[in-house]
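Here are the chains, one letter per residue:
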Amino acid sequence: MNRFDYVRPADTAEAVAAASEPGAAYLAAGTNLLDLMKGNIVRPTRLVDVSRLPGLDRIEWQADGSLRIGALVRNADLAHDAAFAKSCPAIAEALLSGASAQLRNAATVGGNLLQRTRCSYFYDTASRCNKRAPGTGCDAREGDNRLHAVLGWSEGCIATHPSDFCVPLAAFDAIVEIEGRNGRREMALDALYPPSGAAPERDNVLKPGELITAVRLPASASAFAGHSRYLKVRERTSYAFALVSAAAGLAIENGTIREARLALGGVAPKPWRARAAEQALAGAHADETAFRRAAAAALDGAKPSGDNAFKIELAQRIVVRALTLAAQGTPDRVPALPASPFSSVAGVRHVA
Amino acid sequence: MNLPLSLTVNGERRELVLDDPRVTLLDLLRERLELTGTKKGCDRGQCGACTVLVDGKRVNSCLALAASQDGAEIVTIEGIAQGGRLHPVQAAFIEHDGLQCGFCTPGQIMSAIGLMMEAQTGSDPERIREAMSGNLCRCGAYAGITEAVLEAQKMLGTSKTERAA
């Protein structure tokens, strides 16, 4: 790990000023940053410790029914907040399917959004990686690439965004609140992540010094609470990144889908909102035919970036499964194995 | 750069000065406070051998900067037995053969104590296994570990929060 200066600002304004200097990085829990620093993959010269900034650790319901989650709320605290889990069950399930209990106790909401889009070649400093060392090339293209992206990738980078949390956040129209040198701004979570291509080294559109202070979920998110799930296929059932995952929410009236929300994880350099699939579902009868049509729409345009064509079929199956489970109704409690497709739920076929 | 750091470690107040901000909580415990019960396995947050309680919550001490923990209350494996009497989780690990080589055991035990304080699993072995997935055991003592957690939960019953802390 390189040497760095450590500063602990007293408030957000001080933090923004301290982090606006070249080479500075924000430190919250550090569960991703310190790992990358230990591997000499990132080398910030100054860490601005925001973990104690006042007022950013609250979960607040707003008068308009929206929910404001402070950037320093820990992943586990959010997932286990009873009112939140009731209103946003797919998000709670996604949180609990990510990382380990120890990491969820430490990792923050803001840190989760800003964890690096990454692959094993990004971690391996002996490999060429446009994200780690811009302009050097991408060894993943001709390498071991079965875990890489099938949607939204570019020749420059085929890594995936590893967050589970961000997948349902994208589906349910989360908004990100940002503090910067020129004051406050906000944007849809979807807009936080730029399309892959021009600059693989940039995972997000934040300007130097900009700090995420909260994530907001509009009141409309809770309209899907009765019919929503997050499903995630992994190479082991717990403590693994997604091969593919899907967050699904349905608003169903008399068997007909009034409105749908769908996003995919593990398939793209960003949490992948599937709007065409949502449109295909709106007005349809909630059945397998509609779910298969939506799955095909969600993966329309997908192409392998390597030895990963299997992900295109797998993602469609997991979309059908997630929609099927969502239509059956949200379980009262997050299952013992959160987001696992290998649970014995009545009516679910293991071969979709 | 010298950073003053005030911690409570196993009930004892420690006033320290860090001469290097790179020191992790794990290295502080092992190298500067000579509390070597907390183990360094992968040092990257993947194995759980370094698990300690920070303000009552289990975390990976290898991925926590010591400087960031100013004011925190830390409990390590050295701080859980009372007056020479093993903590019920320690006793249950022995009773149920929840270990072979023992290297991962301090982390497993601190994680199990954290799990009980979180109170999310009840007595469902599947939920316990899931909640312990951040602790690897290369000897494969998982069956015994799950049994030990189940038994310790039963023994501690309603008094678990004060005893576990």
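Placed above this text is the structure.
Residues numbered from 1 in each chain as written. Chains lettered and ligands numbered in written order. Predicted model: local features only at pLDDT ≥ 70, side-chain atom pairs only at ≥ 80, totals over all residues.

Engineer: What's the story with the overall build of chain A in this structure? I'm lost.
Structural biologist: Each helix and strand counted, chain A has 13 helices and twelve strands in total. Counting only C-alpha atoms, chain A reaches 60 × 50 × 35 Å along its principal axes. For chain A, the proportion of its 352 residues judged to be buried stands at 53%. Within chain A, residue pairs in contact and separated by at least 24 positions form 67% of the contacts whose partners lie at least 6 positions apart. (Helix = DSSP H or I, 4+ residues; strand = E, 2+ residues; numbered from the N terminus. Buried ≥ 20, exposed ≤ 12 C-beta atoms within 10 Å, placed from the backbone. Contact = placed C-beta atoms within 7 Å.)

Engineer: Just checking my understanding: could you explain the sheet that holds strand 9 (residues 228-233) of chain A for this structure?
Structural biologist: Sheets are built from strands that pair by backbone hydrogen bonding, the pairs being arranged parallel or antiparallel. Residue and element names in this part refer to chain A. Pairing is antiparallel across the open sheet formed by four strands, whose spatial order is 9-10-11-12. Edge positions in the sheet fall to strand 9 and strand 12 (272-273), since each has one partner strand and no second. Pairing geometry for strand 11 (residues 256-265) and strand 12, over two bridges, is antiparallel. When the bridges of strand 12 are listed, leucine 264 appears paired with tryptophan 272. Sitting on the sheet, helix 5 (residues 89-96) is in contact with strand 9 and strand 10 (244-253), with an inclination near 25 degrees to strand 9. (Pairing = 2+ DSSP bridges. Axes fitted to C-alpha atoms, helices over the stretch in contact; angles between N-to-C directions.)

Engineer: How should I be thinking about the interface of chain B and chain A in this particular structure?
Structural biologist: Interface size is often expressed as the accessible area that is lost when the parts come together. On the chain A side, the residues contacting the 28 residues of chain B number 24 residues. Among the elements of the structure, strand 4 (57-60), helix 3 (105-118) and helix 4 (125-131) of chain B are those that each provide at least two residues to the side of chain B that touches chain A.

Engineer: What am I meant to see in helix 5 (residues 142-156) of chain B here?
Structural biologist: An α-helix turns once every 3.6 residues. As a result, residues three or four positions apart point the same way. All names here are of chain B. Taking 1.5 Å as the rise per residue, helix 5 with 15 residues should run 21 Å; its terminal C-alpha atoms sit 21 Å apart, in good agreement. Residues Gly144, Ile145, Ala148, Val149, Ala152 and Gln153 constitute the buried set of helix 5. Elements that come into contact with the buried residues of helix 5 comprise helix 2 (88-95), helix 3 and helix 4. Positive phi shows up at glycine 157, right after helix 5, with a value of about 45 degrees. (Expected span 1.5 Å × (residues − 1).)

Engineer: Sorry, what's going on with the packing of helix 2 of chain B against helix 5 of chain B here?
Structural biologist: Packed helices, taken two at a time, are described by their axes: the angle between them and the distance between them. All names here are of chain B. Packing of helix 2 against helix 5 brings their axes to within 8 Å, and their N-to-C directions diverge by 140 degrees. In terms of orientation, helix 2 and helix 5 fall into the oblique class. As helix 2 packs across helix 5, the resulting crossing turns out to be right-handed. Facing Pro88, Val89, Ala92, Phe93 and Glu95 of helix 2, the residues of helix 5 in contact are Ala148, Glu151, Ala152, Met155 and Leu156. Looking at the contact of helix 2 with helix 5 residue by residue, the classes come out as eight nonpolar, no polar and two charged. (Parallel < 35°, antiparallel > 145°, perpendicular 65-115°, else oblique. Left-handed = near helix turned anticlockwise from the far one by under 90°. Nonpolar A, V, L, I, M, F, W, Y, C, P; charged D, E, K, R; others polar.)

Engineer: Where do I start with unusual backbone geometry in this structure?
Structural biologist: As a rule of thumb, non-glycine residues mostly have phi less than zero, and peptide bonds are mostly trans rather than cis. The phi angle at A:Tyr239 is positive, at roughly 55 degrees, despite the residue not being glycine. Positioned with a positive phi, B:Glu34 is a non-glycine residue whose angle comes to about 55 degrees. On the secondary structure map, B:Glu34 appears in the loop between helix 1 (25-32) and strand 3 (51-54). When the 8 C-beta atoms within 10 Å are taken as the criterion, B:Glu34 is described as exposed.

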